[in-house]
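These are the residues of each chain, in order.
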Amino acid sequence: MKLVKLGAAWCQPCKMLDQVLETNDFGVQIEYIDIDASLDKAKKYNVRGVPTVVLEDDEGNELRRFVGAKNASEIREFITN
């Protein structure tokens, strides 16, 4: 599984979420995408707000997503449920 975090440098909730993702081990790979630098990926993931986090299976299929910042325990629950 992989978390894909789509955000932007100007987004304060994105910065808060980055800190949570970078300081905790969630046991999955995390890919960071700047939507301003990668408009094609923002369209691919149908981003409507940032931060958007998508949980993908090993084949790249979307399992679920959330928009907004979450704390470490909420992210762990998101990954496991």
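Criteria and cut-off values
- Residues numbered from 1 in each chain as written.
- Predicted model: local features only at pLDDT ≥ 70, side-chain atom pairs only at ≥ 80, totals over all residues.
- Heavy atoms only, no water.
- Disulfide = S-S within 2.5 Å.
- Buried < 20%, exposed > 50% of the residue type's maximum accessible area, 1.4 Å probe, protein only.
- Core = buried A, V, L, I, M, F, W, Y, C linked by side-chain atoms within 4.5 Å.
- Helix = DSSP H or I, 4+ residues; strand = E, 2+ residues; numbered from the N terminus.
- Contact = heavy atoms within 4.5 Å.

Trainee: Would you explain the state of the cysteines in this entry?
Mentor: Cysteine pairs can be covalently joined through their sulfur atoms, and such a bond is termed a disulfide. If you walk through the whole model with that rule in mind, you get 1 disulfide. Between the sulfur of cysteine 11 and that of cysteine 14 lies a disulfide, 2.5 Å long from S to S. Note on the cysteine 11 and cysteine 14 pair: the S-S dihedral is about 80°, so by sign convention the disulfide is right-handed. With respect to burial, cysteine 11 and cysteine 14 carry one shared label: buried.

Trainee: Could you clarify how one ought to interpret the nonpolar core in this entry?
Mentor: Among soluble globular proteins, nonpolar side chains are generally buried collectively. Counting residues in hydrophobic clusters, the biggest one holds 13 residues, and the most contacted among them are Leu3, Phe26, Ile75, Phe78 and Ile79. Counting only elements with at least two residues in this core, the list comes to helix H1 (12-22), strand S3 (52-56) and helix H3 (72-80). In terms of residue count, the dominant contributor to this core is H3 (4 residues). Other than its neighbours up to four places away in sequence, phenylalanine 26 contacts Val20, Leu21, Ala72, Ile75, Arg76 and Ile79. In this structure, Val4, Leu6, Ala42 and Tyr45 belong to the second largest nonpolar core, which totals 12 residues.

Trainee: Which parts of the structure should I look at to understand unusual backbone geometry?
Mentor: Leaving glycine out, the prevailing phi sign among residues is negative, and the prevailing peptide bond configuration is trans. Of note, the amide linkage connecting valine 50 to proline 51 takes the cis form, showing an omega dihedral of -5°. With respect to the helices, strands and loops of the structure, proline 51 is situated in the loop between helix H2 (39-44) and S3. In this model, asparagine 46 sits at a positive phi of 55°, which is unusual for a non-glycine residue. By secondary structure assignment, the location of asparagine 46 is in the loop between H2 and S3. On the basis of relative accessibility, which here comes to 42%, the residue asparagine 46 falls in the partly exposed class.

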